[in-house]
Amino acid sequence: MVGVLVRLAFHDAAGENGANGCIDWSTSAHNGLRPAVTQLDKVYAAHNFHALLSKADFWVLAANVAIEVATQGVVVPFQWGRTDALTCNDANLLPDPEGDHRHMHDVLSTRMGLTDQEVAALLGAHALGRMETSNSGFNGGWTTTQNVLDNSLYKIATKEPWFKRVNSRGFSEWVNADLPCNCNHSYCAQDLLFLNTDVSLFTDTTVGECNVFPGSNCTVDSPYRVYVDVYAANNTVWMRDFVDAMVRLCGVGY
Ligand code: HEM
């Protein structure tokens, strides 16, 4: 449950007009969020929370609590004052998991106003939770500790080689292993899955040997790589930057 609450905060912020307590359910990128929204709506209604804070504020608060639980105590400063929207159109606004680092920049920086560093820090949230075929067409987790929020995504990211494959739904995804699995490092057997956008944190997925030879190293760094190396080496620095970036993310549209 903790993962989906953090994902919801991102999707509300990335939708039309930023965090406004509105999810456009006709946008398939939101698949999988409905059970969490239904639960949150029930609590919000049962306690008359509308008298205290907007639904958008409540969702941000829920994500902050999830982060506190998953980090065993890290507090994201909470800001009030978001306004709810009754309708929204999120068509084509959410990032495409098969996109490269340029696409991430277009969506998260040019449109949403986040810096490269904030984007690099935010994507570490994928340490939490997993992907489900019925939601997104992907099936697997990014890490083996899916209820723990730490810098493990960056540690895994920097363990090359990476191999790109096409899954049963026809989507490109990456595994941290040679296929068939015959490498020596500990991540190999766990068949961890990264999206193209996750791999774009450290390499340009459109060029380099990464794309060509199974098990070859990724050769051309993405602009996010400099941060990934720092975050892989230091959980405290990542956590500090992640908290700041969450505040900025959830402030989009204020
Ligand atoms: C390039 C940007 C991003 C893309 C393309 C992306 C894509 C995805 C996809 C495809 C899933 C799997 C959904 C499912 O199958 O249920 C997912 C899950 C998740 N995302 Fe992202 N995401 C992005 C950025 C973010 C950000 C910025 C955050 C939070 C700060 C975030 C938090 C999460 C979490 C926690 C999950 C796991 C949810 C669960 O376990 O239910 N994502 N994301």
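Everything numeric here is computed off the predicted structure, so don't read it as measured data. (Residues numbered from 1 in each chain as written. Predicted model: local features only at pLDDT ≥ 70, side-chain atom pairs only at ≥ 80, totals over all residues. Heavy atoms only, no water.)

A. Broad picture of the overall build of the protein. Counting its regular elements, the protein contains 10 helices and five strands. The dimensions of the protein, computed from C-alpha atoms along their principal axes, are 55 × 35 × 30 Å. The proportion of buried residues among the 254 residues of the protein is 50%. Sequence separation of 24 or more characterises 62% of the internal contacts of the protein that already satisfy a separation of 6 or more. On the protein, roughly 11400 Å² of surface is accessible, and the fraction owed to carbon and sulfur atoms is 53%. (Helix = DSSP H or I, 4+ residues; strand = E, 2+ residues; numbered from the N terminus. Buried < 20%, exposed > 50% of the residue type's maximum accessible area, 1.4 Å probe, protein only. Contact = heavy atoms within 4.5 Å. Areas by Shrake-Rupley, 256 points an atom, 1.4 Å probe, with all protein chains shown as cover.)

B. Structural detail: the packing of helix H1 (residues 2–14) against helix H3 (residues 55–70). Orientation of H1 relative to H3, taken along the N-to-C sense of each, is 140°, at an axis distance of 8 Å. Between H1 and H3, the interaxial angle falls into the category oblique. Helix-helix and strand crossings are classified by hand; for H1 and H3 the assignment is left-handed. Residues Val2, Leu5, Val6, Leu8, Ala9 and Asp12 of H1 form the contact with H3, whose participating residues are Ala56, Trp59, Ala62, Ala63, Ala66, Ile67 and Val69. (Axes fitted to C-alpha atoms, helices over the stretch in contact; angles between N-to-C directions. Parallel < 35°, antiparallel > 145°, perpendicular 65-115°, else oblique. Left-handed = near helix turned anticlockwise from the far one by under 90°.)

C. Broad picture of the site of the ligand. In the vicinity of the ligand lie 21 residues, with His126, Arg130, Glu132, Asn135 and Ser136 positioned nearest. The contact in question runs from an oxygen atom of the ligand to an N or O atom on the backbone of Arg130, over 3.0 Å. Counting residues per element, the ones that place at least two in the shell around the ligand are H1, strand S1 (130–131) and helix H6 (133–136). In the shell around the ligand, the residues fall into 12 nonpolar, six polar and three charged. When residues of the shell around the ligand are assigned to domains, at least three map to each of domain 1 (2–94) and domain 2 (101–239). (Near = heavy atom within 4 Å. Polar contact = N/O pair within 3.5 Å; in protein donor to acceptor, adjacent residues only side chain to side chain. Nonpolar A, V, L, I, M, F, W, Y, C, P; charged D, E, K, R; others polar. Domains from an automatic or database assignment.)

D. Highlighting the packing of H1 against helix H2 (residues 34–46). Across the interface, H1 lies against H2 with an axial gap of 10 Å and an inter-helix angle of 90°. In terms of their interaxial angle, H1 and H2 are classed as roughly perpendicular. Packed against H1, whose contacting residues are Val4, Leu5 and Leu8, the element H2 presents Ala36, Val37 and Leu40 at the interface. In terms of residue class, the contact of H1 with H2 is built from six nonpolar, no polar and no charged.

E. Just the domain arrangement of the protein, in detail. Entries for the protein in the domain assignment read domain 1 (2–94) and domain 2 (101–239). Computed over C-alpha atoms, the centres of domain 1 and domain 2 are 25 Å apart. The interface of domain 1 with domain 2 comprises 15 residues on the first partner and 12 residues on the second. Scanning the region where domain 1 abuts domain 2 turns up zero salt bridges. Linking domain 1 with domain 2 are four residue pairs in polar contact (both at pLDDT 80 or more). Listed by contribution, the elements that provide at least two residues to the side of domain 1 that touches domain 2 are H1 and H3. No other element matches H1, which puts six residues into the side of domain 1 that touches domain 2. Across the side of domain 1 that touches domain 2, the residue classes break down as nine nonpolar, six polar and no charged. (Salt bridge = Lys/Arg side-chain N within 4 Å of Asp/Glu carboxyl O.)

F. Seen up close, unusual backbone geometry. The residue Asn17 is not glycine, and still its phi comes out positive at about 65°. Within the element layout of this structure, Asn17 appears in the loop between H1 and H2. Using a relative accessible area of 59% as the deciding quantity, one classes Asn17 as exposed. Although it is not a glycine, Asn48 sits at a positive phi angle of roughly 50°. Tracing the sequence through the fold places Asn48 in the loop between H2 and H3.

G. A look at the state of the cysteines. Applying the stated criterion across every chain yields a total of one disulfide. Residue pairing for Cys22: its cysteine sulfur links by disulfide to Cys88, the two sulfurs lying 2.2 Å apart. Residues Cys22 and Cys88 are joined through a disulfide that is left-handed, its torsion about the S-S bond being -90°. In this pair, Cys22 is assigned in the loop between H1 and H2 and Cys88 in the loop between H3 and helix H4 (101–111), connecting sequence segments 66 residues apart. As far as the burial class goes, Cys22 and Cys88 line up, both buried. No disulfide involves Cys250; its sulfur sits 16 Å from that of Cys88, the nearest cysteine. (Disulfide = S-S within 2.5 Å.)

H. Inspection of the nonpolar core at higher detail. Phe194, Phe242 and Met246 are the most contacted members of the largest nonpolar core, which totals 71 residues. Of the domains in this structure, domain 1 (2–94) and domain 2 (101–239) are the two that each give at least three residues to this core. If we skip the residues at most four places from it in the chain, Phe194 touches Trp142, Leu153, Ile156, Ala157, Trp162, Glu173, Trp174, Val199 and Phe202. (Core = buried A, V, L, I, M, F, W, Y, C linked by side-chain atoms within 4.5 Å.)

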